[in-house]
Amino acid sequence: MAVDSTTSSPLGPPACEKDAKALQFIEDMTKNCDPVQENVLSEILSQNAATEYLQQWNLDGATDRKSFKSKVPVISYDDLLPYVNRIANGDRSPILSSHPISEFLTSSGTSAGERKLMPTIAAEMDRRQKLYSLLMPVMNLYVPGLDKGKGLYFLFIKAEAKTPSGLVARPVLTSYYKSQQFKTRPFDPYNVYTSPNETILCVDAFQSMYSQMLCGLLFREEVLRCGAVFASGLVRAIKFLQLNWQQLAMDVESGNLSHKITDSSIRECVSKILKPNPELAQFIREECCDGNWEGIITRIWPNTKYLDVIVTGAMAQYIPILDYYSGNLPKTCTMYASSECYFGLNLTPMVKPSEVCYTIMPNMGYFEFIPHDPENPVTISRDSPPQLLDLADLELGKEYELVISTYSGLCRYRVGDILQVKGFHNSAPQFKFIRRKNVLLSIDADKTDETELQAAIDNASVLLKEFNTTVVEYTSYGDTKTIPGHYVIYWELLMKDPENGPTENVLAQCCLAMEEALNSVYRQSRVADNSIGPLEIRVVKNGTFEELMDYAISRGASINQYKVPRCVTFTPIMELLDSRVVSAHFSPAAPHWTSERRF
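As the structure is a prediction and not an experimental result, all values here were calculated from the model.

Attention now moves to the overall build of the protein. Broken down by element type, the protein carries 20 helices and 22 strands. Relative to its full complement of 599 residues, the protein shows a buried share of 55%. Within the protein, contacts between residues at least 6 apart in sequence are counted, and of these 69% link residues at least 24 apart. With the model as given, the accessible surface of the protein reaches about 25400 Å², and the carbon-plus-sulfur share is 51%. Looking at the protein, you have 58 positive and 71 negative side-chain charges, and the mean spots of the two groups are 3 Å apart.

This is the structure in C-alpha cells:
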C-alpha cells in the first residue's frame, strides 16, 4: 500500500514508509552533490592522514580539494601494486588506510595474468549495503506489487585465495554474499529470493545452479522477476535448463533431490520445500521436450514482469538472446559498481537498454573525471598532472574517464571506465556507460585487452615454427550466439611449405596455447564457472585481410591511417571473414587454472 501522498518523493509516490526514507535520501544526496563530495574528500583525507601513502605527498593534514589536487598524483594499478604487495605479505602498518585492511577484492585480470587486488576495510560493507537498500525503493516506483511474490535470481560465489599474510582475496560479490549483512539480512517483502542462502553459497557451480534452478521451478507461479548479475549469467541459466530439464523434472516428480547434489547444506534446505509434484513435473517436460526455447522464461514463469540483469557495456551483446528467451520482457540495469567502489544506481530502471543511465551517489567516494577525447587522448604524468573535473562540473554530452578516491585508501585511482553525461537528476550527472577503457574482448566477467591478445597469439605462434608457418594477420570477436559464448580468432597464415603445414592437431593445440596465455579471470571462467566455451581459431584464405582493408577504404577509411581492427563487431566485416574461412579449430582441453594465487 502506498504511503500518504504528502510524503511523496519527487521521484514518485513511495510504496511504503521505508521506501519514502530511501527516496528522500537519494534526493538529499543529488541536490547537494558538490557539498557532499567536498565533505567525503575531507573525511577520506582526515581518516587516512597518518597513512604512509598520503604523508609522502606532504599534505600536512590538509583536507581541502585544492591541496589534494595539487599534490596527490593520478595513478594506475601499476603504481598501487607495490603497496598492495606489502599488505598482502603481512605489513600491518597504515600504508593506504588508517583502518585495518579486512580483505582484498579481486578485479579483472592484469597483463601479468593475475586478478587485481583492491584493498578494502570493514566499513565499506555498510556503504555497499546502503546502496543496495536504495534499489528496490526505486524499482517499486515503476513495478507495483513486488511484495506479492519472489525474485528468481541466479547468484553465485567464486573461489577464494589467501595472501601470504592470511587476508582473503575474492570477488566483490562473493564477499557480499558471504557477509553477515547478506546472510542475516532482515526480511523484506519486496526482496524475497526463490534461492535459499545455502544454494547461493555453494562454491560448486553445478550444484549451485542446479539447486537454484530447481527452487525457481518449485516457486514458478510466485516468481515476479528473473535475474542474474550479468546478462551472460541468465543466458547460462537457461542453457543449463536446456541440458538438465529431464533430471529436474524427475526430482520434482519424486520429491527426491538428485544424487549429483552432494552438498549437505543444500540437501537439507531444499528437502524442506521439495515434495512430490507429478503435475509440475509433467508441465516441465511438456515445455522443454520439443526443443522450442522461444519465450521459455514467460512460459515457465508466467508472472515475470522484468529481467534484472546488466545489459550495458560488453553485456549488450546478449540482448537479442534474452529477448528470444523472454518474449521481449523489459531488462533493468539497477546499479553501477566495481571492485574498487560502488558508484550509483539507475533512477529510471525500465528504460530501454540503450538508454540506461546511472546516477553516481556522491556519498560513496570522491569522484573526479578526465575529459575523454579518443582523437586527442590526455597524457597523464606526475610531472604535468591534468586538471581533473569534479562531479558538479561536468557537461552534458561530454565523455569522461572516471577517477576515484575511497575510504579504503585508493587516491585518485583510474578505474578505466569511460562514461558519457546524458542528463542530470538535481545537480548529479547521469551517466551512460560507454565502455571499459582498452577492453577488446569480453564474454562474461573476463576482460582481454589488445596487449594480452597479442601475447596469446605470440604464445601460440611458437607451435607453428617447426612447420615454417607464421601468423601474418589476425582479428577477433566474442561469439555469444553459442552458449556459453567463446572467443573467435581469425588467422591468416603464411606457410613456406604448404604441403607440410600445421596439422589439425597442432592448430587445436594453438587454441589451447592461446588460452593458457590469457588472464586468470578468463581461465577461471573456462574451468570453474563454465561461463566461457573453448577458444576457436578460424583460418582464413590468403589475401583475406587485404580484402578487409579494401572494404574499409571503400567506406571512407584513409589508406595511410588504416590499421587492422583487432576486434570486429560490424556484421558485413564478420560475414566477409566467415566467407573466407578454410578451417576451424577448437581448444581440445581446458587451460590450467587454480584458485591458489601467485604472490
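Attention shifts here to the sheet that holds strand β3 (residues 150-154). Reading across from one edge, β3-β6-β7-β8 is the order of the 4 strands in this open sheet, with parallel pairing throughout. With partners counted over all chains shown, the strands left at the sheet margins are β3 and β8 (331-332), one partner each. In terms of strand pairing, strand β7 (residues 306-310) meets β8 through 2 bridges, oriented parallel. Note that in β8 the partner of Asp308 across the bridge is Thr332. On the sheet, helix α10 (residues 205-218) packs against β3 and β6 (223-230) and is oriented at approximately 160° with respect to β3.

Attention now moves to the sheet that holds strand β10 (residues 342-345). Spatially, 8 strands are ordered β9-β10-β11-β16-β15-β14-β12-β13 in an open sheet, and the strand pairing comes out antiparallel. With partners counted over all chains shown, the strands left at the sheet margins are β9 (335-337) and β13 (389-390), one partner each. Bridge count between β9 and β10: 3 bridges; the pairing is antiparallel. Each bridged residue has a counterpart across the sheet, and for Ala337 the counterpart in β10 is Tyr342.

A few words on the side chain of Ser339. Inspection of the secondary structure assignment puts Ser339 in the loop between β9 and β10. Separated by 3.1 Å, the side chain of Ser339 and the backbone oxygen of Thr106 make a polar contact. Those residues in contact with Ser339 that sit more than four places away from it in its chain are Leu105, Thr106, Ser107, Met118 and Val172.

Now for the pairing of strand β12 (residues 366-371). Among the 6 residues that make up β12, 5 are buried, leaving the element largely enclosed by the rest of the structure. Direction of pairing for β12 relative to strand β14 (residues 399-405): antiparallel, over a ladder of 6 bridges. Its bridge partner being in β14, Ile370 is matched across the sheet by Glu401.

With that settled, the discussion passes to helix α20 (residues 571-579). Ile573, Met574, Leu576 and Leu577 are the residues of α20 that are buried. Along the axis of α20, the buried residues cluster in a sector spanning 155°; they form a single face.

Taken as a whole and judged by the stated rule, the model has 21 aromatic pairs. Ring geometry for Tyr53 and Tyr83: centres 5.3 Å apart, planes at 85°, overall edge-to-face. Remark: Tyr83 occurs in helix α5 (residues 77-88) and Tyr53 occurs in helix α3 (residues 52-55); sequence separation between them is 30 residues. Residue Tyr53 is classed as buried on the basis of its relative accessible area of 3%. Here the aromatic rings of Tyr336 and Phe343 are separated by 4.6 Å at their centres, their planes lie at 40°, and the arrangement is tilted. Site record: aromatic cluster; members linked through ring pairs are Tyr132, Tyr176, Tyr177, Phe182 and Tyr342. Stacked on the ring of Tyr407, the Lys or Arg Arg127 has its end atom at 3.7 Å from the ring centre.

Moving on: the packing of helix α16 (residues 450-461) against helix α17 (residues 504-517). Relative orientation of the contacting elements α16 and α17 amounts to 140°, with a least axis distance of 8 Å. Between α16 and α17, the angle is such that the two are oblique. Read as a crossing pair, α16 and α17 show a hand that is right-handed. Here α16 contributes Glu452, Leu453, Ala455, Ala456, Ile457, Asn459 and Ala460 to the contact with α17, which in turn contributes Cys510, Ala513, Met514 and Ala517.

Remember that side chains alternate between the two faces of the sheet whenever the strand is regular. Linking two consecutive strands that pair antiparallel, namely β9 and β10, is a turn of 4 residues. Pairing of β10 with strand β11 (residues 358-360) involves 2 bridges; the strand directions are antiparallel. When the bridges of β11 are listed, Gly344 appears paired with Ile360.

In this section: the confidence of the model for the protein. Any region with low pLDDT has predicted coordinates that should not be read closely. Confidence in the prediction for the protein averages 90 pLDDT; 94% of positions are at 70 or higher. Across residues 1-6, confidence stays below pLDDT 50; counting only partners more than four residues off in sequence or on other chains, it has 8 contacts.

Before going further, it helps to examine the nonpolar core. Ranked by internal contacts, the top residues of the largest apolar core, which has 166 residues, are Ile297, Phe369, Leu402, Ile489, Trp491 and Met514. In terms of residue count, the dominant contributor to this core is helix α11 (residues 231-254) (11 residues). Once residues within four sequence positions are removed from consideration, Phe369 is found in contact with Ile360, Leu388, Leu389, Asp390, Leu391, Leu394, Tyr400, Glu401, Leu402, Leu419 and Phe431.

Under the defined criterion, the tally for this structure stands at 28 salt bridges. A salt bridge links Arg86 to Asp91; the shortest N-O distance between them is 3.0 Å. For Asp91, a relative accessible area of 25% gives the class partly exposed. Its salt-bridge partner being Glu160, residue Arg170 comes within 2.9 Å of it at the nearest N-O pair. Taken together, the residues Arg170 in strand β5 (residues 168-171) and Glu160 in the loop between β3 and β4 (161-162) connect sequence positions 10 residues apart. Of the residues examined, Arg170 reaches a relative accessible area of 15% and is grouped as buried. Relative accessible area serves as the criterion here: at 26%, Glu160 is assigned to the partly exposed category. A network of salt bridges, in which partner residues are shared, links Asp34, Arg65, Lys69, Glu368, Asp390 and Arg412.

Our focus in this paragraph is the state of the cysteines. Evaluated as defined, the whole model comprises 0 disulfides. In this structure Cys357 is not part of a disulfide, and its nearest cysteine sulfur, from Cys333, lies 11 Å away. Its sulfur unpaired, Cys511 is 7.1 Å from the next cysteine sulfur, which belongs to Cys510. The class of Cys511 is buried, set by a relative accessible area of 0%.

With respect to the helices and strands, Trp593 occurs in the segment after β22 (581-586). Overall, Trp593 belongs to the buried group, its relative accessible area being 18%. Residues Trp593 and Arg526, spaced 67 residues apart in sequence, show a C-alpha to C-alpha distance of 8.8 Å. If we ignore the near neighbours within four places in the chain, the residues touching Trp593 are Ala159, Ser520, Arg523, Gln524, Val527 and Ala528.

Further remarks concern the environment of Gln420. Within the element layout of this structure, Gln420 appears in strand β15 (residues 413-425). Along the chain, Gln420 and Tyr153 lie 267 residues apart, while their C-alpha atoms are 30 Å from each other. A distance of 3.1 Å separates the side chain of Gln420 from the backbone oxygen of Gly397, its partner in a polar contact.

Thresholds, definitions, all that
Residues numbered from 1 in each chain as written. Predicted model: local features only at pLDDT ≥ 70, side-chain atom pairs only at ≥ 80, totals over all residues. Heavy atoms only, no water. Helix = DSSP H or I, 4+ residues; strand = E, 2+ residues; numbered from the N terminus. Buried < 20%, exposed > 50% of the residue type's maximum accessible area, 1.4 Å probe, protein only. Contact = heavy atoms within 4.5 Å. Areas by Shrake-Rupley, 256 points an atom, 1.4 Å probe, with all protein chains shown as cover. Lys, Arg positive; Asp, Glu negative; His and termini not counted. Charge placed at Lys NZ, Arg CZ, Asp CG, Glu CD. Pairing = 2+ DSSP bridges. Axes fitted to C-alpha atoms, helices over the stretch in contact; angles between N-to-C directions. Polar contact = N/O pair within 3.5 Å; in protein donor to acceptor, adjacent residues only side chain to side chain. Arc of directions from axis to C-beta. Phe/Tyr/Trp six-rings, centres within 6.5 Å; stacked < 30°, edge-to-face > 60°. Lys NZ or Arg CZ within 6 Å of the ring centre and 35° of its normal. Parallel < 35°, antiparallel > 145°, perpendicular 65-115°, else oblique. Left-handed = near helix turned anticlockwise from the far one by under 90°. pLDDT = per-residue confidence, 0-100. Core = buried A, V, L, I, M, F, W, Y, C linked by side-chain atoms within 4.5 Å. Salt bridge = Lys/Arg side-chain N within 4 Å of Asp/Glu carboxyl O. Disulfide = S-S within 2.5 Å.

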